[in-house]
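As a plain string of letters, each chain reads:
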Amino acid sequence: MELIQSFSVDHTKIIPGIFVSRVDTLGDNTVTTYDIRVTRPNAEPAVDVAAMHSLEHIIATFLRNDPDWKDQIIYWGPMGCLTGFYLILKGNKAPKEIHDLLLRAFRSVEGVDVVPGTNEENCGNYLMHNLPMAKWYARKFADYLAANADNDDIYEYPKTARLVTDDGRQFHDS
Ligand SMILES: [Zn+2]
């Protein structure tokens, strides 16, 4: 293994925030993938898996029903490392421009009485939910977003060289 100067994200320096993961062009359209990082990777406990699942359901429902944003939402889903979510939007907005949307999304969790879609017909693991813990994580992250709204560090990833395998393939991860 050796490192080449293709810059990637240094996961040891990531703090919670809203980051552009990649920008893709599909025909005439631009699509942006954001990392919505909720916890510090490898430095604090990752999100409880059942709470993560509940946050996936609740926030996807919020985003897809928001009158100002629903037409721009392509995807919302959890990272396999359980430290945050992927959000894919039409267009190419700066992370700061979606701060308010995400603050409102995570604030909305507090008022939820029942996680939407938690039955056998709508969910692949409908018993694996934890609404009280989802509220705890959502409150913590929303408070953090509110307190750091003007902190540029929550909108731009720290960079490092990307790992290349022995046969020359680049390692990609979030
Ligand atoms: Zn589900």
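Provided above is the structure to which this section pertains.
Reading the values: the criteria
- As a convention, each chain's residues are numbered from 1 in the sequence order in which they are written.
- Given that the model is predicted, a residue must reach a pLDDT of at least 70 before its local features are reported, and side-chain atom pairs must reach 80 or more before they are shown or counted; all residues, however, enter totals for whole chains, interfaces and linings.
- Based on all heavy atoms of the structure, the side-chain values leave hydrogens and waters out of the count.
- Every angle, taken between N-to-C directions, lies between 0 and 180 degrees, and every axis is a line fitted to C-alpha atoms, over only the stretch in contact when it is a helix.
- Helix and strand assignments come from DSSP, with helices taken as H or I runs of at least 4 residues and strands as E runs of at least 2, each series counted from the N terminus.
- Should an angle fall under 35 degrees it is called roughly parallel, over 145 degrees roughly antiparallel, and 65 to 115 degrees roughly perpendicular, with every other angle called oblique.
- We call two residues in contact when some of their heavy atoms are within 4.5 Å.
- Three classes are used: nonpolar for Ala, Val, Leu, Ile, Met, Phe, Trp, Tyr, Cys and Pro, charged for Asp, Glu, Lys and Arg, and polar for all others, with Gly counted as polar.
- By definition, two strands form a pair when at least two bridges between them are found by DSSP.
- For our purposes a nonpolar core is just a set of buried Ala, Val, Leu, Ile, Met, Phe, Trp, Tyr and Cys residues, chained together by side-chain atoms within 4.5 Å.
- The buried label goes to any residue with under 20% of its type's maximum accessible area, the exposed label to any with over 50%, and the partly exposed label to all in between, with areas taken from a 1.4 Å probe on protein chains only.
- Note on donors: an N, O or S atom is included if it sits within 2.8 Å of the metal, or within 3.2 Å for Na, K and Ca, and water is never included, so sites can look incomplete.
- Note on terminology: disulfide denotes any pair of cysteine sulfur atoms within 2.5 Å.
- To pair, rings of Phe, Tyr and Trp, with the six-membered ring standing in for Trp, must have centres within 6.5 Å; the planes then decide the type, stacked if under 30 degrees apart, edge-to-face if over 60, and tilted in the middle.

Colleague: What's the story with the packing of helix H1 (residues 49-65) against helix H3 (residues 131-147) in this structure? I'm lost.
Modeller: To characterise two packed helices, one gives the angle between the axes of the helices and the distance between these axes. Between H1 and H3, the shortest axis-to-axis distance is 8 Å and the interhelical angle comes to 75°. Accordingly, the angle class assigned to the pair H1 and H3 is roughly perpendicular. Each of Ala 51, Ser 54, Leu 55 and Ile 58 in H1 lies in contact with H3, whose residues at this interface are Leu 131, Met 133, Ala 134, Tyr 137 and Ala 138. In terms of residue class, the contact of H1 with H3 is built from eight nonpolar, one polar and no charged.

Colleague: So what exactly am I meant to see when it comes to the pairing of strand E2 (residues 17-26) here?
Modeller: Each regular strand displays side chains that alternate between the two surfaces of the sheet. The pairing of E2 with strand E3 (residues 29-37) spans nine bridges and is antiparallel. Pairing of Leu 26 across the sheet is with Asn 29, part of E3.

Colleague: What am I meant to see in the nonpolar core here?
Modeller: Nonpolar side chains in soluble globular proteins tend to be buried together. In terms of nonpolar packing, the biggest core is built from 37 residues, with Ile 36, Leu 63, Trp 76, Leu 87, Leu 102 and Phe 106 touching the most fellow members. Mapped by element, the contributors of at least two residues to this core are E3, H1, strand E4 (73-78), strand E5 (84-90), helix H2 (99-108) and H3. Per-element tally for this core: the top contributor is H1, with eight residues. In contact with Trp 76, other than residues within four places in its own chain, are Ile 36, Leu 55, Glu 56, Ile 59, Ala 60, Leu 63, Arg 64, Phe 85, Tyr 86, Leu 87, Leu 102 and Phe 106.

Colleague: Could you clarify how one ought to interpret the coordination of the zinc ion in this entry?
Modeller: Octahedral six-donor coordination of a metal ideally yields angles of 90 or 180 degrees, compared with 109.5 degrees for tetrahedral four-donor coordination. Protein coordination at the zinc ion comes from His 53 (NE2), His 57 (NE2) and Cys 123 (SG), with a distance range of 2.1 to 2.3 Å. For the zinc ion, the donor residues sit on a single chain with the sequence spacing H-x3-H-x65-C. Residue His 53 and its partner His 57 are both found in helix H1; the two are separated by four residues, about one turn of the helix. His 53 gets classed as buried once you look at its relative accessible area, which sits at 10%.

Colleague: Honestly, the state of the cysteines in this entry has me stumped. Any pointers?
Modeller: Put plainly, two cysteines are in a disulfide when a covalent bond ties their sulfur atoms together. Taken as a whole, this structure holds zero disulfides when the rule is applied. In this structure Cys 81 is not part of a disulfide, and its nearest cysteine sulfur, from Cys 123, lies 20 Å away. For Cys 81, a relative accessible area of 38% translates into the label partly exposed. For Cys 123, a relative accessible area of 10% gives the class buried.

Colleague: Explain the packing of aromatic side chains to me, please; I cannot follow it from the model alone.
Modeller: How two aromatic rings sit relative to each other is given by the distance of their centres and the angle of their planes. Under the definition given, this model contains seven aromatic pairs. Summarising the aromatic geometry, the rings of Phe 106 and Phe 141 are spaced 4.8 Å apart at their centres and angled 70° between planes, so their arrangement reads as edge-to-face. Here Phe 106, found in helix H2, pairs with Phe 141, found in helix H3; they are 35 residues apart in sequence, far enough to count as distant. Comparing Phe 106 with Phe 141, the two get one shared label, buried. For the ring pair Phe 141 and Tyr 144, a centre distance of 6.3 Å and an interplane angle of 15° mean the geometry is stacked. Placement of the pair is Phe 141 and Tyr 144 together in helix H3, with a separation of three residues, close to one helical turn.

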